[in-house]
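# Structural overview
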Amino acid sequence: MSVSGPPTIHGALTKHTGFLLSRMGMVASKQFAEQIEQIGLTPRMWGALNVLDAEGTITQQALGKSTGIDPSSMVATIDDLENAGLVERQTHPTDRRAYALHMTDSGREKLAEGRKLAKGAQEKLLAALDPSERAQLHELLLKIALATQDVRPVPPER
């Protein structure tokens, strides 16, 4: 016998906040990745472009630290961004062992498209919440993130 329809959460699991966060994290991650994949971006690429946009020129190592991407994955991510013409590696002005990363005009355009798609995924995910509940959820998640990691708040997206 097969069960059709949307996946369900057993009542025994609904009282476990950690489980709910994990489950919704998987749902959000899948929806987000599917949306930005339409324009050839991965979540790592999208995250890197957002930090580059906020920071301007940055080293590969600093970008990896800012996004939480491990060094070997960061190299592959920058390779992908560079091959797509979204980022350029240039010689660092003060450290010849490091590259300075610069977002190209194409990178800025792709990021703008990606932000629109990401916003659509977010709207779909949070459709059950009214605006004040969305703001409250964001603040609570940010509070947890700040308490559990080295998160540096930055200005809101442009």
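Preceding this section is the structure that the text describes.
In short, a report on the structure. Every chain is numbered on its own, with residues counted from 1 as its sequence reads. Only residues with pLDDT of at least 70 get local features here, since the model is predicted, and only at 80 or more are side-chain atom pairs given and counted; chain-wide, interface and lining totals rely on the full set of residues. Excluded from the side-chain calculations are hydrogens and water; all other atoms, namely the structure's heavy atoms, are used.

## Some thoughts on the pattern of salt bridges
Salt bridges are counted wherever a side-chain nitrogen of Lys or Arg sits within 4 Å of a carboxyl oxygen of Asp or Glu. Enumeration over the complete set of coordinates arrives at six salt bridges. Between Glu 82 and Arg 89 there is a salt bridge, with its nearest N and O atoms 2.7 Å apart. For the exposure calls, accessible area comes from a 1.4 Å probe over protein chains only, and a residue counts as buried if that area is under 20% of its type's maximum, exposed if over 50%, partly exposed in between. Given a relative accessible area of 29%, Glu 82 falls into the partly exposed group. On the basis of relative accessible area, Arg 89 is assigned to the buried category, the value being 19%. With its nearest N and O atoms 3.3 Å apart, the salt bridge here joins Arg 108 to Asp 105.

## Re the nonpolar core
Think of a nonpolar core as a cluster: buried Ala, Val, Leu, Ile, Met, Phe, Trp, Tyr and Cys residues, connected wherever their side-chain atoms sit within 4.5 Å. In terms of nonpolar packing, the biggest core is built from 23 residues, with Leu 41, Trp 46, Leu 49, Leu 52, Leu 63, Leu 81 and Val 87 touching the most fellow members. Secondary structure counts use DSSP, requiring at least four H or I residues in a row for a helix and at least two E residues in a row for a strand, with both numbered from the N terminus. Those elements giving two or more residues to this core turn out to be helix 1 (17-37), helix 2 (43-55), helix 4 (71-83), strand 3 (99-103) and helix 5 (105-125). Sort the elements by how many residues they give to this core and helix 2 lands first, with six residues. Aside from chain neighbours lying at most four places away, what touches Leu 81 is Met 45, Ala 48, Leu 49, Leu 86 and Val 87. Residue contacts follow a heavy-atom distance rule, with two residues in contact if any of their heavy atoms lie within 4.5 Å.

## Regarding the packing of aromatic side chains
Here the distance between the centres and the angle between the planes together describe a pair of aromatic rings. Each pair of aromatic rings taken from Phe, Tyr and Trp, with Trp reduced to its six-membered ring, is defined by centres within 6.5 Å and is described as stacked if the planes are under 30 degrees apart, edge-to-face if over 60, and tilted in the remaining cases. In the structure shown here, the tally under the stated rule is one aromatic pair. Geometrically, the ring pair formed by Phe 32 and Trp 46 is edge-to-face, given 5.0 Å between the ring centres and 80° between the ring planes. Of this pair, Phe 32 sits in helix 1 while Trp 46 sits in helix 2; the two residues are 14 residues apart in sequence, bridging distant segments of the chain. The exposure class assigned to Trp 46 is buried, which follows from its relative accessible area of 15%.

## Considerations on helix 4
Along an α-helix, a turn takes 3.6 residues, which lines up residues three or four apart on a common side. A helix's residues, less one, multiplied by 1.5 Å, set its expected span. If you check helix 4, its first and last C-alpha atoms are 18 Å apart, about what 13 residues at 1.5 Å a residue would give, namely 18 Å. For helix 4, the set of buried residues is Ser 73, Met 74, Thr 77, Ile 78 and Leu 81. Mapping the buried residues of helix 4 onto a view down its axis gives an arc of 135°, with all of them on the same face. Set apart from the buried face of helix 4 by more than 90 degrees, the exposed residues are Ser 72 and Asn 83. Two residues or fewer past helix 4, Gly 85 is found with a positive phi of approximately 75°. Each direction from the helix axis to a C-beta atom contributes to the arc, which is the arc of those directions.

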